[in-house]
Structures are given as structure tokens and as C-alpha cells.
Amino acid sequence: MKILVLGGTAEARALAGKLAECKTFEVTLSLAGRTAKPRAQGVPTRIGGFGGADGLAAYLRKEQIDALIDATHPYADTISANAARAAAQTGAPLLALRRPAWEMKPGDQWIEVENINAAVAALGAAPRRVFLALGRNEVGAFTNAPQHAYLVRSVDPVDPPLAVPHAIYLTARGPFSEADDRALLERHRIDVVVAKNSGGAASYGKIAAARALHLPIVMLKRPASPDMEAAETVEEVLAWLDHAVTLAATRGV
Ligand SMILES: NC(=O)c1ccc[n+]([C@@H]2O[C@H](COP(=O)([O-])OP(=O)(O)OC[C@H]3O[C@@H](n4cnc5c(N)ncnc54)[C@H](OP(=O)(O)O)[C@@H]3O)[C@@H](O)[C@H]2O)c1
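Residues numbered from 1 in each chain as written. Predicted model: local features only at pLDDT ≥ 70, side-chain atom pairs only at ≥ 80, totals over all residues. Heavy atoms only, no water.

Quick look at the sheet that holds strand β9 (residues 167–171)
Consider a sheet: its strands pair through backbone hydrogen bonds, and that pairing is either parallel or antiparallel. Pairing within the open sheet is parallel, and its six strands lie in the order β6-β11-β10-β7-β8-β9. The outermost strands of the open sheet, each flanked by one partner alone, are β6 (109–113) and β9. Strand-to-strand twist in this sheet, taken as the mean axis angle between neighbours without regard to direction, amounts to 20°. As paired strands, strand β7 (residues 129–133) and strand β10 (residues 192–196) are joined by four bridges and run parallel to one another. Paired with F131 across the bridge in β10 is V193. Each of β7, β8 (149–154), β9 and β10 is contacted by helix α6 (residues 178–187), which is oriented at about 155° to β8, the strand it contacts most. Across the sheet, helix α7 (residues 205–212) lies against β6, β7, β10 and β11 (216–220), angled at about 150° from β10, the strand it touches most. (Pairing = 2+ DSSP bridges. Helix = DSSP H or I, 4+ residues; strand = E, 2+ residues; numbered from the N terminus. Axes fitted to C-alpha atoms, helices over the stretch in contact; angles between N-to-C directions. Contact = heavy atoms within 4.5 Å.)

Some words on the site of the ligand
Taken together, 21 residues sit near the ligand, with G7, S30, F50, G51 and K196 positioned nearest. G7 is positioned with one of its backbone polar atoms (N or O) 2.8 Å from an oxygen atom of the ligand. Within the backbone of G52, one N or O atom sits 3.0 Å away from an oxygen atom of the ligand. About the coverage of the ligand: the protein hides 78% of its 810 Å² of free accessible area. (Near = heavy atom within 4 Å. Polar contact = N/O pair within 3.5 Å; in protein donor to acceptor, adjacent residues only side chain to side chain. Areas by Shrake-Rupley, 256 points an atom, 1.4 Å probe, with all protein chains shown as cover.)

Structural notes on the sheet that holds strand β5 (residues 94–97)
Spatially, the six strands line up as an open sheet ordered β3-β2-β1-β4-β5-β12, and their pairing is parallel. Of all the strands in the sheet, just β3 (45–47) and β12 (230–231) have a single pairing partner and so form its edges. The pairing of strand β1 (residues 2–6) with strand β2 (residues 26–31) spans five bridges and is parallel. From the neighbouring strand, V5 faces β2, where its bridge partner is L29. Along the sheet, helix α2 (residues 52–62) contacts β1, β2, β3 and β4 (67–70); its crossing angle with β1, the most-contacted strand, is approximately 155°.

So, the packing of aromatic side chains
Counted under the stated rule, the structure contains three aromatic pairs. Look at F50 and Y59: their rings are 5.2 Å apart centre to centre, the planes differ by 65°, and that puts the pair in the edge-to-face class. Seen from their ring centres, F142 and Y150 are 5.8 Å apart, and the 70° between their planes marks the pair as edge-to-face. Here the two residues F142 and Y150 agree in accessibility, since each one is buried. For the cation-ring pair, R46 lies above F50, with the distance from its terminal atom to the ring centre recorded as 3.9 Å. It is R46 that lies over the ring of Y59; its NZ or CZ is 5.4 Å from the centre. (Phe/Tyr/Trp six-rings, centres within 6.5 Å; stacked < 30°, edge-to-face > 60°. Buried < 20%, exposed > 50% of the residue type's maximum accessible area, 1.4 Å probe, protein only. Lys NZ or Arg CZ within 6 Å of the ring centre and 35° of its normal.)

Read these as geometric descriptors, not functional statements.
Set out below in C-alpha cells:
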């Protein structure tokens, strides 16, 4: 079976690695090409957009892909919508691998907002010390609130830097522990965190650290995901694929 995994997440890498170990599957991992130096994936990888849903459908046909796994980040809503449309066009079986969202726990002070502009507004008029744990693409909106002092953490440098008087930049790739993130928040005297509800363990450190320090988090809500069958773990995806292989064998495909 030829499997295309739409990736850009730790789960996609883990899944593709598992599939590559198994002779039943021929896996290709697809990356958008956003990060300058992506982690070595250890499996055949293609990089760059497909050219919308139609481009992805054409790729699925040309490469004779038997199943498509959307293991992209929960906030990467365009590629997920394209995957749903391309699967519908081609008839390729599609499964999403989605990390469950984090749930609020006692002591958490989350201010949930719909979008990045609402996140900027939620910081208020008075100057604050803000930790932005967002992608490079989203931080630009905070130039509309130059009264705050920002600590910006991203995988690749924010270029150009924000047009605000007070901003410090850190480039780092997770996982981030609670202890390290707590030390970071304390060192920079942060009083509010802005984050996405990414789910998973790798970026939970700041959430736990904010709780321990009694800091509020402005939390961007997840975008609505297209209606598609979804699994929450790599193991569930493997079971779904095994079932698909059995079905194909039964049909004599
Ligand atoms: N958004 C986040 O917060 C976030 C966080 C961590 C990692 N990521 C990863 O970074 C990538 C880009 O995220 P995004 O939010 O910019 O995506 P997006 O807005 O949903 O996608 C924008 C375009 O990028 C291309 N693309 C996205 N993912 C792709 C993939 N895996 N393989 C090939 N092309 C892809 C597609 O171009 P075409 O239309 O030309 O095909 C898509 O239309 C995703 O793969 C995602 O898993 C995103």
C-alpha cells in the first residue's frame, strides 16, 4: 500500500517511521517547507505545497496513493480542508491524526479567543510583559499593541522583527519541559502567555508553568476541522491501516 502522510508534526514523523519499518507499506511524508532546517525525518520525504486541493488530488492519482493520512498540526486548517476535498475527488481513503486538545485544569486561567486579533485585544491597553509562543506567521499582529514588552519564541527567526520598541527573540525547538519554561517565564518576568491549544506533551511545559506561577494564558481556539474520520494516536492509525489492508486483500485488490 502506498501511503501519503501530510506532516509537520512530531506525530507525523513517528507514524511515518513506524510505517517505514513495515514492508506492507510504502510511505512518503509531505512537509510544507516552512522551517529552514526541518528535523531529519528518516523516511522518503517530499517538500512544498501541492497547489491546492486539485493539485493534491492530481498527486494522489499520479503517485497511485492508496491511503492519505492528514497528520498536520491542528491549526493547519487549509491543508486539512484540501485533504478532505482531494480524498473526496479521488476516492482515496483518508484518516486524520489529531492530538486531543488540552483541557483546563484547576488553577488554569485561560482567556479563550477566536483569532489572533482577539488575542491582541485581550492583552488590554495597559503595558504587560507577554510571552508569545506562536508561529512566526501569527506574531506580526502584535505590532498593533506596541505598548507591551514581548518575549517571542519560534523555531526559525522572526524576520523582519516586530515593529515594537520592546521585543526579545528566542529560537528553539521543543520539547519544552515545565521546569525550563517556568524558569524562562520567571527570568523574563512574564505576566501573560499567548498560546495555541496544540495538545500533546512537547509544548505543554508553558501551560503547566503558567498554572504554577498563577499567570493567565490567552488561548487561541482551534479552527474548526473538516468533517473526516480521525484517530488520536499513531497506534490507532496503524490499526486503521491494517484494517484497510485486510479489506483490500479480501477484495483481491
Ligand atoms: N499552523 C501551526 O500552528 C503549525 C504548527 C506546527 C507545525 N505546523 C505544520 O506546518 C505546516 C504549515 O502549516 P500552516 O498552518 O501554514 O498550513 P495551512 O495554512 O493549513 O496550509 C497552507 C498551505 O501550505 C501547504 N501545506 C501545508 N501543509 C503541508 C504539508 N504537510 N505538505 C505539503 N504542503 C503543505 C499547502 O499548500 P498547497 O495548497 O500549495 O498544497 C497549504 O494550502 C503544516 O504541515 C503543519 O503541520 C503548523
